[in-house]
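# Inside the fold
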Amino acid sequence: MTGEFWTSKQRQASSLHEISYRACFKPQLPRFFIESFTQPGDIIYDPFAGRGTTAIEAALLERIPISNDINPLSRILCEPRLRPPSVSEVEKRLADIFSRTAKTKPDIDLSMFYHPQTLAEILHLRHYLHRTKETADFVDDWIRMVATNRLTGHSKNFFSVYTMPPNQAVSAEEQIRINRKRKQSPTYKSVKEIILIKTRSLLSDLADADRENLWRVSERAMFLNTDARTTKEIADSSVALTVTSPPFLDVVAYTKDNWLRCWFNNLNTEAIGRNMTMAKTVEVWSEVMLGVLRELFRVTKEGGVVAFEVGEVRNGKVKLEDAVLEVGLRAGFRCDTVMINQQTFTKTSNIWGVSNNQKGTNTNRITVFTKDSAAQLTRSVHQQKREAAPRRLP
């Protein structure tokens, strides 16, 4: 298996994916595995769904997605994109929402991020979405998703003053420092216009056939918000393919990054954080992943595949694919290969252990497992380890 499989050169991903989220992989990665190992109508699963890349790509390819993430923001960002409205439907709903006047006072100081009028519009929309949560339709869900994505960023098409990076929210104190350093202050941004601009962008690649297919798939899609080790809602031996990327030790503080998104959606950040596993050692991380892979073994059908993507952390000293290989074998899987995809340097690659372009490249490491039939499972674990030699992709 050689060549360019999920790099940006292979094909342009759908515009529907363009939702910023910390530590997400490229859509080309799940597409490669979906096209290689499944057929239309098969069930595709991601136990650590994040922004929903695997689920969206599966739906675009007429597979049935199951999306799970302990963070409820994942469903808010993913599910509406399986039921896309038209631009005119969004425009009409926004006009209706903002035709009413409401004086809602902020419960926290956000003046370092937003112009007073912009903040007033955000608060008005937040209040509307919270008040109509039980009766919300697909248009309201879409508006919530887009607004959640547009809260902070580094271009004019975000609600906030300039801030970095766009896929997380810095603290209020840090934003004050950014404003002082850049000698900037928030200027007015139209919440309605920015939502419409982003809506047009997200829908720009969708043909009528794509839209109809997404809606059809959405009727069978499943969205879970639970521990990936206990997914009782998923039937035994039902999943054809899992493509996922778990949390990498303690390098990403999800609740800290998403505090503003949680505020907008009236979610308790501390409660979400308590349910998340932030392992600080490979040993603890491996035990958690063992539980996940045992659950994946239960839900995977015979001959099904699990593609488990990890990365280098702590300046390359920790290679999590070695830990994944060991626990995957303990869970009962056979390991087919460890695929190493070397990518060009990116601005955020220092998070994963690559601090500059001279020092190295940003790498994806995907451990690929298969669930054999009962007869095949008699092979020894030691034999599997000897056969699971890593392969490096150019």
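Remember, it's a predicted structure, so these values are computed and weren't measured experimentally.

## Section: the pairing of strand S5 (residues 300-310)
Among the 11 residues of S5, 8 are classified as buried, and the element is accordingly described as predominantly covered. Examined bridge by bridge, strand S4 (residues 239-244) and S5 share 5 bridges and lie parallel to one another. Residue pairing for S5: Val239 is matched across the bridge by Thr300.

## Focus on the packing of helix H4 (residues 87-98) against helix H5 (residues 116-131)
The relative placement of two packed helices comes down to the angle between their axes together with the axis-to-axis distance. Contact geometry of H4 with H5 gives a least axis separation of 10 Å together with a crossing angle of 105°. For the element pair H4 / H5, the angle class is roughly perpendicular. Mapping the contact onto sequence places Arg93, Ile97 and Phe98 in H4 and Glu121, His124, Leu125 and Tyr128 in H5. Split into classes, the residues belonging to the contact of H4 with H5 amount to 4 nonpolar, 1 polar and 2 charged.

## Some points on H5
Spanning 16 residues, H5 covers 22 Å between terminal C-alpha atoms, matching the ideal 22 Å at 1.5 Å per step. Those residues of H5 that fall on the buried side of the exposure criterion are Thr118, Leu119, Glu121, Ile122, Leu123, His124, Leu125, Arg126, Tyr128 and Leu129. Buried-residue contacts for H5 involve H4, helix H6 (138-149), helix H8 (191-203) and helix H11 (259-264).

## Some thoughts on the packing of aromatic side chains
Across all of its chains, the model carries 7 aromatic pairs by this definition. Ring centres 4.9 Å apart and planes at 70° place the aromatic pair Phe32 and Phe33 in the edge-to-face group. A single burial state applies to Phe32 and to Phe33, both of which are buried. Relative to Phe37, the ring of Phe33 has its centre 6.2 Å away and its plane inclined at 15°; by these criteria the two rings are stacked.

## Quick look at the nonpolar core
With 50 residues, the main nonpolar core has Tyr114, Leu125, Trp142, Ile143, Phe159, Ile195 and Phe264 as its most contacted residues. With near-sequence residues (within four places) excluded, Tyr114 lies in contact with Leu119, Ile122, Leu151, Thr152, Phe159, Ser160, Pro186 and Leu260. With 32 residues, the next largest nonpolar core counts Leu224, Ala279, Ala323 and Phe333 among its residues.

## A closer look at the confidence of the model for the protein chain
In this model, the protein chain carries an average pLDDT of 85, and 80% of its residues clear a pLDDT of 70 or more. Residue range residues 344-361 is modelled with pLDDT below 50. Its contacts to residues more than four positions away, or to other chains, number 27 contacts.

## A look at the pattern of salt bridges
Counted by the stated rule, this structure contains 17 salt bridges. A salt bridge links Arg330 to Glu287; its shortest N-O distance comes to 3.7 Å. Of this pair, Arg330 sits in helix H14 (residues 320-331) while Glu287 sits in helix H13 (residues 282-299), placing them 43 residues apart in sequence. Classification of Arg330 as partly exposed rests on a relative accessible area of 43%. Residue Glu287 is classed as partly exposed on the basis of its relative accessible area of 47%. Residue Arg334 pairs with Asp336 through a salt bridge whose shortest N-O separation is 2.3 Å. Judged by relative accessible area, Asp336 falls into the partly exposed class, the value being 33%. Three or more residues are tied together by salt bridges with common partners; here these are Arg31, Glu35 and Glu57.

## Focus on unusual backbone geometry
Only a minority of non-glycine residues have a phi that is not negative, and only a minority of peptide bonds are not trans. Its identity is not glycine, yet Ser237 carries a phi of approximately 50°, on the positive side. Among the secondary structure elements, Ser237 is positioned in the loop between strand S3 (222-224) and S4. Looking at Ser237, the relative accessible area reads 41%, which means it is partly exposed. Its identity as a non-glycine residue notwithstanding, Asn266 has a phi of 55°, on the positive side.

## Points about helix H7 (residues 172-182)
Buried residues of H7: Ala172, Gln175, Ile178 and Asn179, and no others. Buried residues along H7 cover an arc of 110° about the axis, so they all sit on one side. Facing away from the buried side of H7 by more than 90 degrees, the exposed set consists of Glu173, Arg180 and Lys181. Those residues of H7 hidden inside the fold are in contact with H11. Count one or two residues on from H7 and you reach Lys183, which has phi positive near 50°.

Calculation notes
Residues numbered from 1 in each chain as written. Predicted model: local features only at pLDDT ≥ 70, side-chain atom pairs only at ≥ 80, totals over all residues. Heavy atoms only, no water. Buried < 20%, exposed > 50% of the residue type's maximum accessible area, 1.4 Å probe, protein only. Helix = DSSP H or I, 4+ residues; strand = E, 2+ residues; numbered from the N terminus. Pairing = 2+ DSSP bridges. Axes fitted to C-alpha atoms, helices over the stretch in contact; angles between N-to-C directions. Parallel < 35°, antiparallel > 145°, perpendicular 65-115°, else oblique. Contact = heavy atoms within 4.5 Å. Nonpolar A, V, L, I, M, F, W, Y, C, P; charged D, E, K, R; others polar. Expected span 1.5 Å × (residues − 1). Phe/Tyr/Trp six-rings, centres within 6.5 Å; stacked < 30°, edge-to-face > 60°. Core = buried A, V, L, I, M, F, W, Y, C linked by side-chain atoms within 4.5 Å. pLDDT = per-residue confidence, 0-100. Salt bridge = Lys/Arg side-chain N within 4 Å of Asp/Glu carboxyl O. Arc of directions from axis to C-beta.

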